[in-house]
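Fold and geometry: a report
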Amino acid sequence: MDIKQAAQFLESCTARAQSVILQGSNSKAFFGRSIEACAPSVETLSVSEHSGIIHYEPTELVVQVRSGTMLADVTAVLEENGQMFAFDPTNFGGQSTIGGMVSAGLSGSRRPYSGSVRDFVLGVEMLSATGEVINFGGQVMKNVAGYDVSRLLVGSLGCLGLITNVSFKVLPKPEFEMTQRLEMSRADGLLKMRDLVNSPLVSATAHFDGQLMIRLSGSAQSVYEFANRLGGELVATEESCWHAIDSHSIFPTDKNLWRLSTAPMSPLLLDEAYLIDWGGAQRWLLESDRDIRAEVDKYSSATLVRQTAANGLQVGEVFQPLSTLQKNIHISLKSKFDPAGILNAGRMYSWL
Amino acid sequence: MIDVDSQKAFLKQLKAACRHVIADQARMKVYETDGLTAKKALPAYVALPETIEEIQACMRLCHAFQVPVVARGAGTGLSGGAMPHEQGLLLSLAKFNKILEVDVDNRLARVQPGVTNLSISDRVRPLGLYYAPDPSSQIACTIGGNVAENSGGVHCLKYGLTVHNVRHLTLVSPEGKLYELGGHGYDSAGFDLLALLHGSEGMLGIVVEVTVALLSVPEEVSVVLAGFDSTREASEAVGAIISGGLLPAGLEMMDQLAIQAAEDFVNVGYPRDAAALLLCELDGSAEEVQQQLQLLKQILTDAGATQIKVAATPQERHQLWLGRKTAFPAVGRLAPDYYCMDGTVPRKALPSVLEEISDLSKQFDLGVANVFHAGDGNLHPLILFDANKPGELDKAEAFGAQILELCIEKGGTITGEHGVGIEKIGQMCVQFTSQELSLFHGIKAAFDSTGILNPGKAVPTLSRCAEFGAMHVHRGDEKFPELERF
Ligand SMILES: Cc1cc2nc3c(=O)[nH]c(=O)nc-3n(C[C@H](O)[C@H](O)[C@H](O)COP(=O)(O)OP(=O)(O)OC[C@H]3O[C@@H](n4cnc5c(N)ncnc54)[C@H](O)[C@@H]3O)c2cc1C
């Protein structure tokens, strides 16, 4: 379906109050609530044909991409020019699209050290639920004209509109990277992460299985010197854990996978976590039945990221519940963007 | 609008709700304008609450009586965002000036909204930490104002804007309800309302507490000054630095008028004869900075720099920045008034935009000095004029409007960091379609269904845009100015 057809389709769906699933490659089907499982009569709108890089100027550090483009295709082009998305995008099964990456808003290992997906989004073009093409932000680094709708769309799970193209800020790829492994306890690992949080050469940290992993990025000389000071042993790039963490393949699938977002040094669920990364601010737990949402404090949030295959698609709530006032704002915002409530209804919360 | 009896009842209840209320006009004078001094209005009431409960009580009352509310930090905003509403309450956050908690382990500071930007860094510097966004107004402007404008500064090229450095907000809704957004980790559940609040210009909620992220003071810092024979060469050098793989902590440009004004004002050793200069700051580990410095010098030489000076001591570094940071007041001495613009363009458009601004300057017969965040393509042309000369203010505003439209034409935006406020409300009609503007109104209504927060600012009504389009050429003598107010 091209954009014109998609616009007509959305317009008619809004008129008919017909629910629609917006989809890239469906690589994140596991994430969020399953709409199919909740609303059987839903129709699907895929943007996978709407692909290609519209505009890439390495000297401006800006790339503008259609939402159906495969993430891998974009990163390959960036790489040819010595550049990258600096948030370590998650690429599930190598199938993720740019639209999915932005809608899910998931950032990878580099997040605490250089920023998140939303930090690098400069502008978004989208189709509204009534099929109008609308634009927010642009291709410049700073822009405070109007409300920041492009950042609002990041992580909105397709509940607000169909993202058709996105402009990103990109960064030069570090000249050299390597990962260092240090044996230490969880508590010591956390303290080490704290001490390294603003080290200019550190670009990822994780602790699991009694080991602290530290990725260093920079010029070869300074990375080696820093690694010497750190101690521990070098891990070959191919064997390093970062991609496996970012794509969740490092986590066993026989239990539910939970993610806790919290203050880096918080004691919350620290020892129970299977793996902690992001300098301690992201903690991954594997649980059979336990719901950790009830255990978090008001500055933290927990997400049921993935259910076991045996449990199938997710129908219960997966995200941290919101306060009543926040919930009302969500409902009201949704109704302004999507008056008939047709877009990915129920994907984020059952009531949204 | 409310009648006289209700006004009396309102004032009585306001005084009961909040200990510090001002209702006499003489004492309100200080609030009549923000940094955009050309636009003035006296509010009907001023409240200076001291507690969150007082803010909530004020909001409940204003909501009940449908009295407009304009929040105010330090009033340094440059787009009239904090300009009072004549029938409204001006809510000053000045008494909310405490740093509540510094959490060194988590690199967070929890502060009240009226705390000045610089005082956060001053407080945490002994701990080896600082708060990165550093607007030139940082001695005076407040963190609440920074959130509302999504302010930037010299170091935003590398460390991001306010939105990249705030983790959590506590807000009071227009109905007086307290709520929180964000968390102490890097993200939270639901839509990214935390991001949406940044740059929302006091239209969506009253910020009553802010948790900011702190960074470690870098191990090594180096500042380089490069002089050029033309603004074209200097702005091309900006592109060359960025595309050469460097990510400076700051990359700023000043043109000849700004250089000379700065020299006259603080005498820091800028090359008076240069047509333009770049100030470039590198930071990081000692080795990394040394390597980058070599590369930077090479790029600058290749780009035609006639002079390159590396600050050797912290004092010299401070001197080099001092000229830049005091450039606005320095330029202010060149003419009775100046008008500061704030468009952003793609970096590659800098050379041509600067030349076109210089042409416009001749056309309008008004001087213009340029001192700006070159690395981000964020222009700050300072238009020089004399408001006492009949017609000059209108001429300056017309010149400014043309610069903004030029920025849109080049694929940029009408405001990089100063906000729309009342000033650029007309250009919003040029940058956005009516569908986009309607969605902005929808967002506003989701937070403030009766529209009592800062009415008439930031997002124009569609009818106002229709009128603006028809009256485009005669911006100066707009009819029915009261239409925009409510
Ligand atoms: C000399 C000079 C240099 C400047 N340099 C820069 C610069 O380098 N970068 C930059 O980005 N800006 C700069 N500015 C602009 C200005 O300082 C910033 O916009 C600043 O963030 C405004 O803060 P304030 O406390 O003065 O806010 P005010 O001017 O009081 O208010 C600004 C807006 O914020 C709203 N607001 C204030 N407090 C709250 C609150 N608690 N809750 C909700 N809304 C609130 C107001 O309603 C208004 O809309 C400069 C200004 C001057 C005069």
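Up top you'll find the structure we're talking about.
All values reported here derive from a predicted model rather than from experimental measurement. (Residues numbered from 1 in each chain as written. Chains lettered and ligands numbered in written order. Predicted model: local features only at pLDDT ≥ 70, side-chain atom pairs only at ≥ 80, totals over all residues. Heavy atoms only, no water.)

Turning to the interface of chain B and chain A, a few remarks are in order. Accessible area lost when the parts come together is the quantity often used to give the size of an interface. With 77 residues of chain B in contact, the opposing surface of chain A contributes 69 residues. Taking both sides of the interface into account, the surface hidden between chain B and chain A amounts to around 6300 Å²; carbon and sulfur atoms contribute 60%. Contact with chain A buries surface across chain B, with B:Y186, B:F191 and B:L439 losing the most and accounting together for 14% of the total. For the interface between chain B and chain A, the tally reads six salt bridges. For B:E180, the salt bridge goes to A:K298, with nearest N and O atoms at 2.9 Å. Linking chain B with chain A are 26 residue pairs in polar contact (both at pLDDT 80 or more). (Contact = heavy atoms within 4.5 Å. Buried area = accessible area lost by both parts, 1.4 Å probe. Salt bridge = Lys/Arg side-chain N within 4 Å of Asp/Glu carboxyl O. Polar contact = N/O pair within 3.5 Å; in protein donor to acceptor, adjacent residues only side chain to side chain.)

Working note: α-helix, 3.6 residues per turn, so residues spaced by three or four point in the same direction. All names here are of chain B. A rise of 1.5 Å per residue sets the reference length of helix α9 (residues 231–243), with its 13 residues, at 18 Å; its end C-alpha atoms lie 19 Å apart and thus fit the reference within 8%. Within α9, the full set of buried residues consists of A234, S235, A237, V238, I241 and I242. For α9, the arc enclosing every buried residue in end-on projection is 145°, short of the 170-degree limit, so these residues lie on one face. Phi turns positive one or two residues past the end of α9, at G245, with a value near 95°. (Helix = DSSP H or I, 4+ residues; strand = E, 2+ residues; numbered from the N terminus. Expected span 1.5 Å × (residues − 1). Buried < 20%, exposed > 50% of the residue type's maximum accessible area, 1.4 Å probe, protein only. Arc of directions from axis to C-beta.)

Residues and elements named next belong to chain B. As a matter of local geometry, the ligand sits amid 34 residues, with A71, G73, T76, S137 and T142 nearest to it. G81 has a polar backbone atom sitting 3.2 Å from an oxygen atom of the ligand. Within the backbone of G152, a nitrogen or oxygen atom sits 3.0 Å from a nitrogen atom of the ligand. Calculation on the ligand without its partners gives an accessible area of 970 Å², and the protein chains cover 94% of this total. Where the shell around the ligand is concerned, the elements lending two or more residues are β3 (69–72), α5 (143–149) and β10 (206–213). With five residues, α5 is the single largest residue contributor to the shell around the ligand. Among the residues making up the shell around the ligand, the classes are represented as 12 nonpolar, 18 polar and four charged. (Near = heavy atom within 4 Å. Areas by Shrake-Rupley, 256 points an atom, 1.4 Å probe, with all protein chains shown as cover. Nonpolar A, V, L, I, M, F, W, Y, C, P; charged D, E, K, R; others polar.)

Residue and element names in this part refer to chain B. Spatially, β5-β6-β10-β8-β9 is the arrangement adopted by the five strands of the open sheet, whose pairing is antiparallel. The open sheet has two edge strands, β5 (99–103) and β9 (178–182), and neither has a second partner. Taken pair by pair, the neighbouring strands of this sheet meet at an average axis angle of 15°, ignoring direction. By the bridge criterion, six bridges tie strand β8 (residues 166–172) to β10 in an arrangement that is antiparallel. Bridge pairing links L171 to V207 in β10. (Pairing = 2+ DSSP bridges. Axes fitted to C-alpha atoms, helices over the stretch in contact; angles between N-to-C directions.)

Turning our attention to the packing of aromatic side chains. Scanning all chains against the criterion turns up 20 aromatic pairs over all chains. Centre to centre, the rings of A:F176 and A:Y224 are 5.3 Å apart; their planes meet at 35°, and the pair counts as tilted. A residue pair is termed long-range when its members are at least 10 positions apart, and A:F176 in strand β10 (residues 176–183) and A:Y224 in helix α9 (residues 220–230) qualify at 48 residues. Overall, A:F176 belongs to the partly exposed group, its relative accessible area being 22%. Overall, A:Y224 belongs to the partly exposed group, its relative accessible area being 42%. For the ring pair B:F364 and B:F399, a centre distance of 5.1 Å and an interplane angle of 5° mean the geometry is stacked. Of the two residues, B:F364 is situated in helix α14 (residues 350–364) and B:F399 in helix α15 (residues 392–409); the sequence distance between them amounts to 35 residues. (Phe/Tyr/Trp six-rings, centres within 6.5 Å; stacked < 30°, edge-to-face > 60°.)

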